[in-house]
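# Coordinate analysis (summary)
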Amino acid sequence: MNAYLSKPFRMRELEQMLSRYLAAFASTDHSEASDRPTLRNTEGSIVDLCVIANLRNMGQRGRKDIAGGVIGLYLKHSPRMLDTIIDALRTQDTAAAIAAAHKWKSSSSIVGAEQLAQLLQQIEDGAANGSLKSGKLLEVDLTTQYEAVREALTFALNNEDVRTPLLLAGNT
């Protein structure tokens, strides 16, 4: 998809764009992608399973466990990133908050944790604007979201045939 929709947009504009994209997608041969999840990241999902599937597919071509390696590194380094951000928020260390939120946001996007990446973007923006107050309000959400991502990625890592979005409790 190579389209752009500027904000603010109207729901009708979004529907038209998605209709065009889905029509083009439906007319394309997807026989080699039949083993991938058919659902994209939905509102309330913790991880985008298409991202995990793509990481697995890259590994299949090169005979390496790309998904396992990427997820493993993410799970290994994320607790330190969480601690760094929380400490930066508590001490009002703007530079540390910006650097850690930016780095972790990128890593989170790589593993398909878009809700967590959005929270990190809010913290990065708040710190860049000199208002870490907004970041402090996100501390509990950040911790909760990370725990959900950790659990979802661990589950996805141990279950290669995951086919449905992993939803946060209460967000259906």
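Everything here concerns the structure above.
Cut-offs applied
- Numbers given for residues are sequential positions, taken from 1 along each chain in its written order.
- At least 70 in pLDDT is required for a residue's local features to be given in this predicted model, at least 80 for side-chain atom pairs to be given and counted, and no such filter applies to totals for whole chains, interfaces and linings, which use all residues.
- Side-chain measures were taken over the full set of non-hydrogen atoms in the model, leaving aside hydrogen atoms and water.
- Each salt bridge in this description consists of a side-chain nitrogen of Lys or Arg and a carboxyl oxygen of Asp or Glu lying within 4 Å of one another.
- Runs of H or I in DSSP of at least four residues are treated as helices and runs of E of at least two as strands, each being numbered from the N terminus.
- A simple rule labels every residue: compare its accessible area, found with a 1.4 Å probe on the protein chains alone, to the largest value its type can have, and call it buried under 20%, exposed over 50%, or partly exposed in between.
- Helix span, expected: 1.5 Å multiplied by one less than the number of residues in the helix.
- To get the bend at a residue, fit one axis to the 7 residues ending there and another to the 7 starting there, then take the angle between the axes.
- The definition of a nonpolar core used throughout is a set of buried Ala, Val, Leu, Ile, Met, Phe, Trp, Tyr and Cys residues joined through side-chain atoms within 4.5 Å.
- Contacts between residues were defined by any pair of non-hydrogen atoms, one from each residue, lying within 4.5 Å.
- Any N or O atom pair separated by 3.5 Å or less is treated as a polar contact, with the protein-specific requirement of one donor-capable and one acceptor-capable atom, and with residues adjacent in sequence counted only for side-chain atom pairs.

## Some points on the pattern of salt bridges
According to the stated counting rule, one finds three salt bridges in the structure shown. Among the ionic pairs, Glu 124 bridges to Lys 105, the shortest N-O distance being 2.9 Å. Of this pair, Glu 124 sits in helix H5 (residues 114-128) while Lys 105 sits in helix H4 (residues 94-110), and the two are 19 residues apart along the sequence. Classification of Lys 105 as buried rests on a relative accessible area of 13%. Close ionic contact of Glu 147 with Arg 150 constitutes a salt bridge, the shortest N to O distance being 2.8 Å. Remark: Arg 150 and Glu 147 occur in helix H7 (residues 139-158); sequence separation between them is three residues, near one turn of the helix. According to the relative accessible area criterion, Glu 147 is partly exposed, its value standing at 33%.

## Some points on unusual backbone geometry
One non-glycine residue, Gln 92, lies in positive phi territory at about 60 degrees. Summarising the element assignment, Gln 92 is placed in the loop between helix H3 (66-91) and H4. The partly exposed category is assigned to Gln 92, whose relative accessible area is 40%.

## Observations regarding H3
Counted at 1.5 Å a residue, the expected span for H3 with its 26 residues is 38 Å, and the 37 Å between its end C-alpha atoms agrees. His 77 marks where H3 bends most, by close to 35 degrees; the proline Pro 79 follows one to four residues later. Positive backbone phi, at 60 degrees, marks Gln 92, one or two positions downstream of H3.

## Remarks on the nonpolar core
Most often, soluble globular proteins have nonpolar side chains that are buried together. Counting residues in each nonpolar core, the largest one holds 32 residues, and the members touching the most others are Tyr 74, Ile 85, Trp 104, Leu 116, Leu 142 and Leu 153. Among the elements that line this core, the one with the most residues is H3, at nine residues. What Tyr 74 contacts, discounting residues up to four positions off in sequence, is Trp 104, Ser 107, Ser 108, Val 111, Leu 116, Tyr 146, Val 149 and Leu 153.

## Points about the side chain of Glu 139
Looking at the element boundaries, Glu 139 is found in helix H7. According to the relative accessible area criterion, Glu 139 is buried, its value standing at 15%. In this structure the side chain of Glu 139 is engaged in a polar contact, spanning 2.7 Å, whose partner is the side chain of Arg 90. Leave out the neighbours within four places in its chain, and Glu 139 touches Ile 86 and Arg 90.

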